[in-house]
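Structural description and commentary
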Amino acid sequence: MYNHIAANRNRTIFLMVIFFTFFVLLGLSLSYYLNDQSILWFAVIFSVFMNWFSYFYSDSIALRATGARPAKKDVHIEERQLINLVDNLAITAGLPAPRVYVIDDPSPNAFATGRDPKHATVTVTTGLMTLLDKSEMEGVIAHELSHVKNYDILLSTIVVTLVGAITLLGDMFVRTNLFRSSGENHKNNPMAILALVFIILSPLFAQLIQLAVSRKREFLADASGSLLTRYPEGLASALEKIEQAHIPLKKANRATAHLFIANPFTKVKMASLFSTHPPTSERIKALRR
């Protein structure tokens with residue numbers, strides 16, 4: 001367990017270094033291509049700022065992107081029961097009680113986010129609360145708290161901001177007439193070719209960052225959650241119900257898809273090689289073994 005936590009921290013540092021290097025190289029190539037050194041300085045400042053911002057505020061971005069709101073224990077009895085369940089399992093796991101959020105969506109799903117256990121949040125959809133019974137909900141919450149305890153949330157949450165920034169920047173350059181308006185003199189410029197390669201490959205680079213969030217973390221969180229509840233069938237049954245629901249999340253997007261306990265794009269058949277989630281059937285088999 002401690003080795004896994006250390007590995008997650010090392011991956012986070014590595015991810016930030018790769019992000020910084022990518023943007024500096026992109027800025028360098030564009031500055032040579034357009035003969036404007038200010039672009040390089042912008043790339044350096046932007047990459048440093050995004051690394052800092054993603055560490056401290058990426059959890060807030062994830063919550064906003066998914067439309068999550070704080071659970072209201074004084075208004076809804078179901079949400080009060082959810083908060084009590086999260087608090088009790090957090091005590092059992094030896095963790096500070098995380099903040100609890102709810103997404104008003106019929107799709108059954110859940111995720112945890114934050115940079116460490118002291119700043120963690122657990123979010124569930126209203127569809128999940130409606131669909132699952134108590135033992136199944138305990139299994140899901142224990143799974144998410146395991147992500148918190150294993151420090152999976154730090155890496156997963158930072159990925160949200162970095163992937164979003166890379167996708168947005170690449171799309172911005174592709175949609176502009178940057179290369180058409182720069183004149184014919186730059187067509188054979190090696191730096192122009194390099195800049196074009198960086199821009200074209202930015203969506204692939206974003207996908208590779210998401211794949212850096214190892215799918216093994218889901219199996220480990222399943223096992224850790226089962227150890228916490230002492231009832232693996234609860235989580236296995238919950239995963240079966242989530243899989244069979246076939247209700248896509250309304251505010252699902254590529255940047256936050258890896259956070260959820262199950263793939264929020266239920267109608268999209270993604271190749272298992274490029275999916276951030278292992279097949280649900282494999283997870284259920286592992287739990288029942």
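Below is a short write-up of the structure. (Residues numbered from 1 in each chain as written. Predicted model: local features only at pLDDT ≥ 70, side-chain atom pairs only at ≥ 80, totals over all residues. Heavy atoms only, no water.)

1. A closer look at the overall build of the protein chain
A count of helical and extended segments in the protein chain gives ten helices and four strands. The helix and strand sequence of the protein chain, counted from the amino end, reads α-α-β-α-β-β-β-α-α-α-α-α-α-α. Counting every position in the protein chain, which comprises 289 residues, the buried fraction comes to 50%. By sequence separation, contacts in the protein chain at least 24 residues apart represent 71% of the contacts at least 6 residues apart. (Helix = DSSP H or I, 4+ residues; strand = E, 2+ residues; numbered from the N terminus. Buried < 20%, exposed > 50% of the residue type's maximum accessible area, 1.4 Å probe, protein only. Contact = heavy atoms within 4.5 Å.)

2. Concerning the side chain of N109
Within the secondary structure layout, N109 lies in the loop between β2 (99–103) and β3 (110–113). We classify N109 as buried; its relative accessible area is 2%. When sequence neighbours within four positions are dropped, the list of residues in contact with N109 reads T123, V124, T125, L128, F260, I261, A262, N263 and P264.

3. What to know about the side chain of T66
Residue position: T66 is located in helix α2 (residues 38–66). Within polar-contact distance, the side chain of T66 engages the backbone oxygen of L63 at 3.2 Å. (Polar contact = N/O pair within 3.5 Å; in protein donor to acceptor, adjacent residues only side chain to side chain.)

4. Topic: the packing of aromatic side chains
Applying the stated criterion across every chain yields a total of seven aromatic pairs. Look at F49 and W52: their rings are 6.0 Å apart centre to centre, the planes differ by 40°, and that puts the pair in the tilted class. In this pair, F49 and W52 both sit in helix α2, three residues apart, roughly one turn of the helix. Between F49 and F53, the aromatic rings sit 5.6 Å apart at their centres with planes inclined by 25°, giving stacked as the arrangement. Taken together, the positions of F49 and F53, both in helix α2 and four residues apart, correspond to about one turn of that helix. (Phe/Tyr/Trp six-rings, centres within 6.5 Å; stacked < 30°, edge-to-face > 60°.)

5. Let's talk about the pairing of strand β4 (residues 121–125)
By the criterion of burial, β4 is predominantly enclosed, with five of the five residues buried. Residue alternation in β4 divides its side chains into two sets, T121, T123 and T125 and V122 and V124, and both sets are buried. Relative to β4, β2 runs parallel, the two being bridged by five bridges. Of the residues in β4, the one forming a bridge with I103 is T125. (Pairing = 2+ DSSP bridges.)

6. Here we look at helix α10 (residues 280–288)
Side chains three or four residues apart in an α-helix point the same way, a direct result of the helix having 3.6 residues per turn. When α10 is considered as a whole, its buried residues turn out to be T280, R283, I284 and L287. Looking down the long axis of α10, one finds its buried residues gathered within 100° of arc, a one-sided arrangement. Where α10 is buried, its residues touch α5 (134–149), α8 (216–229) and α9 (232–245). (Arc of directions from axis to C-beta.)

7. Re the nonpolar core
Of all hydrophobic cores here, the largest spans 36 residues; its most connected members are L82, L128, V140, I141 and I261. Listed by contribution, the elements that provide at least two residues to this core are α3 (77–93), β2, β3, β4, α4 (126–131), α5, α9 and α10. No other element matches α3, which puts seven residues into this core. Those residues in contact with I141 that sit more than four places away from it in its chain are L82, L85, V86, L89, V122 and V124. By size, the runner-up hydrophobic cluster in this structure holds 30 residues, among which are I39, I103, L154 and A257. (Core = buried A, V, L, I, M, F, W, Y, C linked by side-chain atoms within 4.5 Å.)

8. With respect to the environment of P70
Within the fold, P70 resides in strand β1 (residues 69–70). Here the alpha-carbon distance between P70 and T123, two residues 53 residues apart in the chain, equals 8.7 Å. Residue contacts for P70: discarding those within four places in its chain leaves V100 and Y101.

9. Regarding the layout of surface pockets
In this model, the second largest pocket occupies a volume close to 230 Å³. E78, Q81, L82, N84, L85, N88, M129, L132, D133, K134 and M137 are the residues that line the second largest pocket. For the lining of the second largest pocket, the secondary structure elements donating two or more residues are α3 and α5. Classifying every residue of the lining of the second largest pocket by side-chain character gives five nonpolar, three polar and three charged. (1 Å grid on protein atoms, 1.4 Å probe; cavity = no way out; pocket = protein on both sides within 12 Å on 5 of 7 lines; lining within 4 Å. Points joined across faces, edges and corners; volume = space filled by probe spheres on them. Nonpolar A, V, L, I, M, F, W, Y, C, P; charged D, E, K, R; others polar.)

10. Description of unusual backbone geometry
Phi at Y151 is positive, roughly 65°, even though this residue is not glycine. Considering the arrangement of structural elements, one finds Y151 in the loop between α5 and α6 (152–175). Backbone geometry places R230, a non-glycine residue, at a positive phi of 60°.

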